[in-house]
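Understanding the architecture of this molecule
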Amino acid sequence: MVRRNVGSALIGLIAVVTVAIERPVHAQTQPGTNTGLPTVVVLATGGTIAGAAGSDVQAAYKSGQVGVDQLLAAVPQTKKLATLRGEQVANIGSQDMNDEVWLKLARRVNELAAMKDVSGIVITHGTDTIEETAYFLNLVVKTRKPIVMTAAMRPSTALSADGPLNFFNAVAVAANKDAAGRGVLVVVNDWIHGASSLTKTSTTAVQTFLSPLSGLIGSVAYGGVEFYRGPVGRHTTESEFSLDGVAALPRVDVIMAYENMDGVLIDAAVAAGAKGVVIAGVGNGNMTASAVNALAKHAKAGVVCVRASRVVTGRVGRNVEVDDDKLGLVASLDLNPQKARVLLRLALLKQRTNTELQRLFEEY
Ligand code: GLU
């Protein structure tokens, strides 16, 4: 009887220890807080997570209606995970994301990350351009502390709004010490994506984000965090890019390829001042001969021309059906057109050869 009790106590103890090992510890003691919980700063930029509709079953809604304080108050469960402080950086639908907000956001993240009492940062954002903002921050913020972005597909007033649980999970990841050094992460619908890999794949479905080429970094269920691996590509403290002394980013346009394409839009982009052009090509970064000729003409004149693909997954290789070496073009490799544009804008802050530009696409 006694032996059986000892046995079940042991089994209980093993179960507790196993749970403790398997479930990452969210509550870490940090200096500067009297709760013993880590301090996580929430930077709100708007999006559907802060959106509101006229009724709970209405498709039409307006992004960026709810302020950061309301957002924090709506998910009191986060108080178990971290001490939260909120700041409103912007309150826009992410279709309106712009360089002014990007530069402000990146600088604020760098400032906060340098503060001793800040353990992690959560950024709320619209889903439309979260992949671009995440990748931009991944290249220019200089910290190993967790930077976690989150969003929602349904407005805060909707039936089964997805924002509150996404926000709770994002705070759990930002408060988790194992999230450190993995670059900027995006937590949506229970999945943890790397900034370079995720992309929005459905206009309306809650399960919209995939990392189709290289897969997930981890998952999170009701605050229980699991990491599978690190992100792909150099990031944050290992990135050679910096915003020090940068007041503006160069113009780079993305142009989609299609049947019967000519060079008119490529010429127009260059005439409008583009220092770089990214083609969202068909298949493996292909386009009509007319478009290739237009690109080669501008590449010769010093405009950086990158071939990416309008296809949702797969690598765009160098010199496959287009002779990049001969024409002076760059292949986007694993980056989709919108992320190739982000990397190119940062790359163009300084003069670089095509060989060096291709190296950047290999490494980031
Ligand atoms: N247009 C909205 C935005 O990006 C919709 C996407 C969302 O947040 O779900 O802000």
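Criteria and thresholds
Residues numbered from 1 in each chain as written. Predicted model: local features only at pLDDT ≥ 70, side-chain atom pairs only at ≥ 80, totals over all residues. Heavy atoms only, no water. Pairing = 2+ DSSP bridges. Helix = DSSP H or I, 4+ residues; strand = E, 2+ residues; numbered from the N terminus. Right-handed = clockwise from strand over helix to strand, strands pointing away. Axes fitted to C-alpha atoms, helices over the stretch in contact; angles between N-to-C directions. Contact = heavy atoms within 4.5 Å. Parallel < 35°, antiparallel > 145°, perpendicular 65-115°, else oblique. Left-handed = near helix turned anticlockwise from the far one by under 90°. Nonpolar A, V, L, I, M, F, W, Y, C, P; charged D, E, K, R; others polar. Buried < 20%, exposed > 50% of the residue type's maximum accessible area, 1.4 Å probe, protein only. pLDDT = per-residue confidence, 0-100. Polar contact = N/O pair within 3.5 Å; in protein donor to acceptor, adjacent residues only side chain to side chain. Near = heavy atom within 4 Å. Areas by Shrake-Rupley, 256 points an atom, 1.4 Å probe, with all protein chains shown as cover.

Where strand S13 (residues 252–256) and strand S14 (residues 276–281) come together, five bridges link them in parallel fashion. Residue pairing in the sheet places Val 254 in a bridge with Val 278 of S14. Crossover connection from S13 via helix H6 (residues 264–271) to parallel S14: handedness right-handed.

What follows is about the sheet that holds strand S12 (residues 224–227). As a general point, the strands of a sheet are linked pairwise by backbone hydrogen bonds and lie either parallel or antiparallel. Reading across the sheet, the eight strands line up as S4-S1-S5-S6-S7-S8-S11-S12 and stay open at both edges, with mixed pairing between neighbours. The outermost strands of the open sheet, each flanked by one partner alone, are strand S4 (83–92) and S12. Averaged over all pairs of adjacent strands, the angle between strand axes in this sheet comes to 25 degrees, irrespective of strand direction. Most of the contacts of helix H3 (residues 99–113) go to S4, to which it runs at about 165 degrees, and overall it touches strand S1 (39–46), S4, strand S5 (120–124) and strand S6 (147–150). The strands that helix H5 (residues 163–174) touches are S1, S4, S5, S6, strand S7 (184–188), strand S8 (191–194), strand S11 (218–221) and S12; relative to S5, the one it contacts most, it runs at about 155 degrees.

Where helix H9 (residues 337–347) contacts helix H10 (residues 354–363), the axes come no closer than 11 Å and their chain directions differ by 135 degrees. The orientation of H9 with respect to H10, classified from their angle, is oblique. Where H9 crosses over H10, the two elements pack in a sense that is right-handed. Across the interface between the two elements, Ala 340, Leu 343, Leu 344 and Ala 347 of H9 pack against Leu 357, Leu 360 and Phe 361 of H10. Broken down by class, the residue content of the contact of H9 with H10 amounts to seven nonpolar, no polar and no charged.

All right, on to helix H4 (residues 130–140) then. For H4, the buried fraction is high: eleven of the eleven residues fall into the buried class. Along H4, the residues classified as buried are Ile 130, Glu 131, Glu 132, Thr 133, Ala 134, Tyr 135, Phe 136, Leu 137, Asn 138, Leu 139 and Val 140.

Mean pLDDT over the protein chain works out to 90, with 89% of the residues at or above the 70 mark. Taken together, the stretch residues 1–32 has pLDDT below 50 and engages in 28 contacts with residues farther than four places along the chain or on a different chain.

Turning our eyes to something else, we now look at the side chain of Ser 219. Residue placement: Ser 219 occurs in strand S11. With a relative accessible area of 17%, Ser 219 lands in the buried category. At a separation of 2.7 Å, a polar atom in the side chain of Ser 219 contacts the side chain of Tyr 228.

A separate point is unusual backbone geometry. Unlike most non-glycine residues, Asn 189 shows phi in positive territory, near 55 degrees. Along the chain, Asn 189 falls in the loop between S7 and S8. Phi at Thr 236 is positive, roughly 40 degrees, even though this residue is not glycine. Mapped onto the fold, Thr 236 is located in the loop between S12 and S13. Note on Thr 236: relative accessible area 2%, which makes it buried.

Turning our eyes to something else, we now look at the side chain of Ser 197. Mapped onto the fold, Ser 197 is located in the loop between S8 and strand S9 (199–200). Note on Ser 197: relative accessible area 13%, which makes it buried. Separated by 2.9 Å, the side chains of Ser 197 and Ser 211 make a polar contact. Beyond its immediate sequence surroundings of up to four residues, Ser 197 is in contact with Leu 210, Ser 211, Pro 212, Ser 214, Gly 215 and Lys 339.

Neighbouring the ligand are 13 residues; Thr 48, Ser 94, Thr 127, Asp 128 and Ala 152 lie closest to it. A distance of 2.7 Å is found between a nitrogen atom of the ligand and a side-chain nitrogen or oxygen belonging to Gln 95. Contact between the ligand and Thr 127: an oxygen atom at 2.6 Å from a side-chain N or O atom of the residue. Expressed as a share of its isolated accessible area of 280 Å², the protein-covered part of the ligand is 93%. Each residue belonging to the shell around the ligand can be placed in one class, and the counts come to three nonpolar, eight polar and two charged.

Let us look at the packing of H3 against H4. The contact between H3 and H4 brings their axes to 10 Å, and the two run at 45 degrees. Between H3 and H4, the angle is such that the two are oblique. For the element pair H3 and H4, the recorded crossing hand is right-handed. Here H3 contributes Trp 102, Leu 103, Leu 105, Ala 106 and Asn 110 to the contact with H4, which in turn contributes Glu 132, Thr 133, Phe 136, Leu 137 and Val 140.

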